[in-house]
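# Structure at a glance
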Amino acid sequence: MKDNAYFYAGQIMAMSIAHGGQSPCFLSELMYECLQKGPDNVKVKTEDITDEETKSQLQSILQAQTDSQLQDAVEQAASLISLAGHNVRITLENKQETALDLAHWYVLQRTRAPFERFRDGLTSLGVLDALQNYPVQSKCLFVKAEKSLTANDVENLFQIIHSERGSNAFQAECRTLAFWQDYLQDAEIENNVSLEDVLVFFTGCDSIPALGFSPKPRLEFITCSRFPVANTCENILRIPVHAVYTAFRSDMDFAIRNSPGFGRA
């Protein structure tokens, strides 16, 4: 807070999204809902508490069946109750409401100042406004999607650069293009080389940015090398022309597995 780091974190995320960089898709569902609606309009469950001791204390209050059990649970959580400023007597009738109020304080109100500075940072370049106006469409930018990268996702990224239609080179490239499509299908279901590995090989990124790649990735064909060649600055992948799929796959695997070292963007 002293160095305004939460504000800068939000600002950096906003700039990355607006300029076509990597998306900060690592926020929790609860955090995203708070950005969308505001902390006062979000319900917190005990499951949202990451600290196991605090979570256990509140669950003990919820699970108490007798006055004696509830008294023991309240004594265990006395420090939390005091810090939250809760001064209402806890009974079997209001235990659920109280536990959820305490959970809300612990997760959201206790961290309200850092959250508000983070949110202020996200207002940069209109990113927070876009999130609040289009919460469904924007969610994939902040919360990790259930959907994994697919072969079709990678294949559809490319503009295919062929030789002159009807030429011998064009025929060989069409065969190699079919090998490339099969290779992506294999990468989707096998662990030898993953689709993320393929993406890193020719872009430096292990996921597709929210605004796509710029410049648009191009797929070209080469006959001067048995291995693929990539230009990560221009997003160009040049794949080798082969006569049989097994040779194509073997050489692609070898090149991609031995390429790490340049780093990721």
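Reading guide: rules and limits
Residues numbered from 1 in each chain as written. Predicted model: local features only at pLDDT ≥ 70, side-chain atom pairs only at ≥ 80, totals over all residues. Heavy atoms only, no water. Salt bridge = Lys/Arg side-chain N within 4 Å of Asp/Glu carboxyl O. Helix = DSSP H or I, 4+ residues; strand = E, 2+ residues; numbered from the N terminus. UniProt positions renumbered as here; feature names shortened; annotations may be inferred. Domains from an automatic or database assignment. Contact = heavy atoms within 4.5 Å. Polar contact = N/O pair within 3.5 Å; in protein donor to acceptor, adjacent residues only side chain to side chain. Nonpolar A, V, L, I, M, F, W, Y, C, P; charged D, E, K, R; others polar. Axes fitted to C-alpha atoms, helices over the stretch in contact; angles between N-to-C directions. Parallel < 35°, antiparallel > 145°, perpendicular 65-115°, else oblique. Left-handed = near helix turned anticlockwise from the far one by under 90°. Buried < 20%, exposed > 50% of the residue type's maximum accessible area, 1.4 Å probe, protein only. Expected span 1.5 Å × (residues − 1). Arc of directions from axis to C-beta.

## A few points about the pattern of salt bridges
One pass over the structure, following the stated rule, counts 11 salt bridges. Residues Arg112 and Asp40 are paired through a salt bridge, measuring 3.2 Å at the closest nitrogen-oxygen approach. Taken together, the positions of Arg112 in helix H7 (residues 112–122) and Asp40 in the loop between helix H2 (29–37) and helix H3 (52–63) put the pair 72 residues apart, joining distant regions of the chain. In this structure, Asp251 engages Arg226 in a salt bridge whose closest nitrogen and oxygen atoms are separated by 3.0 Å. Of this pair, Asp251 sits in helix H13 (residues 245–257) while Arg226 is found in the loop between strand E2 (218–222) and strand E3 (229–231), placing the two residues 25 residues apart along the sequence. Taken together, the shared-partner salt bridges in this structure form one network comprising Asp40, Arg112 and Glu116.

## Some words on the UniProt feature "active site" (unreviewed entry) in the protein chain
The UniProt entry lists Cys233 under the feature "active site" (unreviewed entry), expressed in the numbering used here. Turning to its location among the elements, Cys233 is positioned in the loop between E3 and strand E4 (236–240).

## Describing the domain arrangement of the protein chain
Assigned domains of the protein chain: these are domain 1 (5–141) and domain 2 (151–258). For domain 1 and domain 2, the distance between their C-alpha centroids amounts to 44 Å. If you look at the interface, domain 1 gives 7 residues, while domain 2 gives 7 residues. At the junction of domain 1 with domain 2, the criterion picks out 0 salt bridges. Inspection of the region where domain 1 meets domain 2 yields 0 residue pairs in polar contact (both at pLDDT 80 or more). Of the residues that constitute the side of domain 1 that touches domain 2, the class distribution is 3 nonpolar, 4 polar and no charged.

## Section: the packing of helix H11 (residues 168–189) against H13
H13 packs onto H11 with a crossing angle of 60° between their chain directions and a minimal axis gap of 10 Å. By the angle between their axes, H11 is oblique relative to H13. As H11 packs across H13, the resulting crossing turns out to be right-handed. Residues Thr176, Phe179, Trp180, Asp182, Tyr183 and Asp186 of H11 form the contact with H13, whose participating residues are Tyr245, Phe248, Arg249, Met252, Asp253 and Ile256. Split by residue class, the contact of H11 with H13 holds 7 nonpolar, 1 polar and 4 charged.

## Quick look at unusual backbone geometry
With glycine set apart, most residues show a phi of negative sign, and most peptide bonds adopt trans. Note that the residue after Ser214, namely Pro215, is joined by a cis bond; omega there is 0°. Looking at the secondary structure, you find Pro215 in the loop between helix H12 (195–203) and E2. Positive phi is not limited to glycine here, since Asn4 has a value of about 60°. Structurally, Asn4 can be placed in the segment before helix H1 (5–18). According to the relative accessible area criterion, Asn4 is partly exposed, its value standing at 22%. Despite not being glycine, Asn235 shows a phi value in the positive range, around 55°. Among the structural elements, Asn235 can be located in the loop between E3 and E4.

## Considerations on H1
Here H1 spans 20 Å end to end across 14 residues, near enough to the 20 Å set by a 1.5 Å rise per residue. Those residues of H1 that fall on the buried side of the exposure criterion are Phe7, Gly10, Met13, Ala14 and Ile17. One side of H1 holds all its buried residues, which, seen down the axis, span an arc of 130°. Taken together, the buried residues of H1 touch H7, helix H8 (127–133) and helix H9 (135–142). Among the residues trailing H1, Gly20 stands out with phi positive, at a value near 80°.

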